[in-house]
Amino acid sequence: MTPYEQYIALLTLLRKEIRRYTRIWTQTLLPSAITMSLYFLIFGSLIGSRIGQMGGVSYMEFVVPGLIMMAIVTNSYANVVSSFFGSKFNNSIEELLVSPTPNHIILLGFVSGGVSRGMLVAVIVTTVASLFVELNIHSYAVVVAVVALTSVLFSLCGLINAVFANTFDDISIVPTFVLTPLTYLGGVFYSLELLPDFWATVSQANPLVYVVNAFRFGVLGVSDVSVGFAFAMIGSFTLVAYLYAAHLLRTGKRLRT
Amino acid sequence: MSYALEIEGLEKIYANGLQALKGIDLKVSQGDFFALLGPNGAGKSTTIGVICSLVNKTAGTVRVKGVDIDADFPKAKRHLGVVPQEFNFNVFESVEDILIHQAGYYGIPLKTARERIDTYLAKLGLTDKRHTRARMLSGGMKRRLMIARALIHEPSVLILDEPTAGVDIEMRRAMYDFLKEINAAGTTIILTTHYLEEAESLCRNIAIINHGEIVTNTSMKNLLRELHRETFILDARERLPEDLSVEGFELTRVDDFCLQAHIEQGQDIAELMSRLHDRGIGIISMRNRENRLEQMFVSLLEQGA
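Residues numbered from 1 in each chain as written. Chains lettered and ligands numbered in written order. Predicted model: local features only at pLDDT ≥ 70, side-chain atom pairs only at ≥ 80, totals over all residues. Heavy atoms only, no water.

Asker: Explain the packing of aromatic side chains here, please?
Answerer: Counted by the stated rule, this structure contains 13 aromatic pairs over all chains. Aromatic pair F85 of chain A and F168 of chain A: ring centres 4.9 Å apart, planes at 85°, arrangement edge-to-face. Here the residue F85 of chain A occupies a position in helix α4 (residues 59-89), and F168 of chain A occupies one in the loop between α7 (140-164) and α8 (170-184), the gap between them amounting to 83 residues. Looking at F168 of chain A, the relative accessible area reads 44%, which means it is partly exposed. Relative to F89 of chain B, the ring of F87 of chain B has its centre 5.9 Å away and its plane inclined at 40°; by these criteria the two rings are tilted. Residue classification places F87 of chain B among the partly exposed positions, given a relative accessible area of 33%. (Phe/Tyr/Trp six-rings, centres within 6.5 Å; stacked < 30°, edge-to-face > 60°. Helix = DSSP H or I, 4+ residues; strand = E, 2+ residues; numbered from the N terminus. Buried < 20%, exposed > 50% of the residue type's maximum accessible area, 1.4 Å probe, protein only.)

Written out as structure tokens, the structure reads:
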């Protein structure tokens, strides 16, 4: 395919993904707004007012970046895992596999769909958050870079999950038993400084720690880890996930017999 | 001679050890209307799967319009349109969206795609279903949608895996006319079907596959010529005598006005008619008792078993 034809194929995949999740917006966009409103209300406003400061800022300000990032992570992951597995389930993935669309465009197409939903949800949740707390962004560059990299990373993870999934149960196991615990243990609600040394060290293996702290730095200018190191870690996780996802598509594992 | 499809030594062994293809060789000329027949599990769908990249081959080479799929699969895929046996589109999408997406995967701009959609929906009688979600279509409409989808990038080779399964007779005939039309316009068509009269009436060349091997690969004419015996049903104007017999011909009296004649290769049915006429029996109609290709098909499979 010529570069222009590849561009059309990519746009087609992105358009298809956006139409899919906007068509079912009550299942894809609305829940995050409602859930995050409750988080802001309960943890930020009601309980947070009794906690006082954390990391040098009010507890409400402290949790907002983590909650926004939580919404981005779950939505970018959920978009790709459900869309790709759905295509496998109804065999419409064959439309793509028999076409000359290169694997990297297929990958990019699904990932850009996940990124677009992650970013759209980020805007919605940030708008909701601004009703509870005044947000003065410390660094727009860091915010945009972290959101982009994180949504790419978790979109790729969603695709890998979808490739291996055989049933709809398989696509809910990872979000329930892996993603959610990692998010809660990734410093969304607390500073790593509160943890004993051992658990603080263990937390270094959790990619969500870097995602949440880098984003918190972008919004508030405070972080438990070095921002440069956090970017290096997120970038490394993304590269590994990309190479593995590309390998799965190239070999046709679970896609071709 | 240039070929639309060349397959040499194609083998497929699945992960469970099943050898679905045992080194098949096949050539389909450009512009041909080709039938690939075989019983269930013979290897037809596996062969098609390898050609269109849904199945990874174990050994052998496949060339589509001279392009080796191992050397440049994307280029080979451009020449191919595939209508699979099972519905494989997102039933929650509209007919138009399914076609636009498929066009996009081939790098076709939206404007061109819309023009082609107009054309193919009109030809396949789906214009009024353009904005209907696929799940609301009847079985026959879904099949026609898959044909439109396979043609949206205007391939030179169209592969149809059981395209008329579950389609009513009227729609089937309309589909035949459409396939004949695009074949006449130069598209090579490769068809698998269980309706043998479909293959006999549409296809010029034929291959029969069984247990992963090609049993025969010849022209439809040659294959039917190999038939040694045919059975005809004759309807008489006059009541047939109880002890009717004609020397040299094997006849079976079905009822008072109906006769079954078994004609061996070399025998002349005109001679039988003439001799019946001499005995005062006029024949008002005659038909072949069974599909000739079906007879041949069964006999070839029995030989191979």
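Additional details are given in the paragraphs that follow.
Asker: Would you mind going over the pattern of salt bridges with me for this structure?
Answerer: A pair can form between side chains of opposite charge whenever their charged atoms are brought close. Inspection of every chain in the model, using the stated rule, returns 22 salt bridges over all chains. Between E93 of chain B and K16 of chain A there is a salt bridge whose closest N-O contact spans 4.0 Å. Of the two residues, E93 of chain B is situated in the loop between β6 (80-83) and α3 (95-105) and K16 of chain A in helix α1 (residues 3-23); the pairing between them involves two chains. By relative accessible area, which is 6% here, E93 of chain B ends up buried. (Salt bridge = Lys/Arg side-chain N within 4 Å of Asp/Glu carboxyl O.)

Asker: Please clarify how the packing of α1 of chain A against α4 of chain A should be interpreted in this entry.
Answerer: Residue and element names in this part refer to chain A. In contact at an axis separation of 11 Å, α1 and α4 are set at 105° when each is read in the N-to-C sense. On the basis of the axis angle, α1 is roughly perpendicular to α4. Contacts between α1 and α4 involve E17, R20 and Y21 from the first element and N79, S82 and S83 from the second. Here the contact of α1 with α4 is built from residues that sort into one nonpolar, three polar and two charged. (Axes fitted to C-alpha atoms, helices over the stretch in contact; angles between N-to-C directions. Parallel < 35°, antiparallel > 145°, perpendicular 65-115°, else oblique. Contact = heavy atoms within 4.5 Å. Nonpolar A, V, L, I, M, F, W, Y, C, P; charged D, E, K, R; others polar.)

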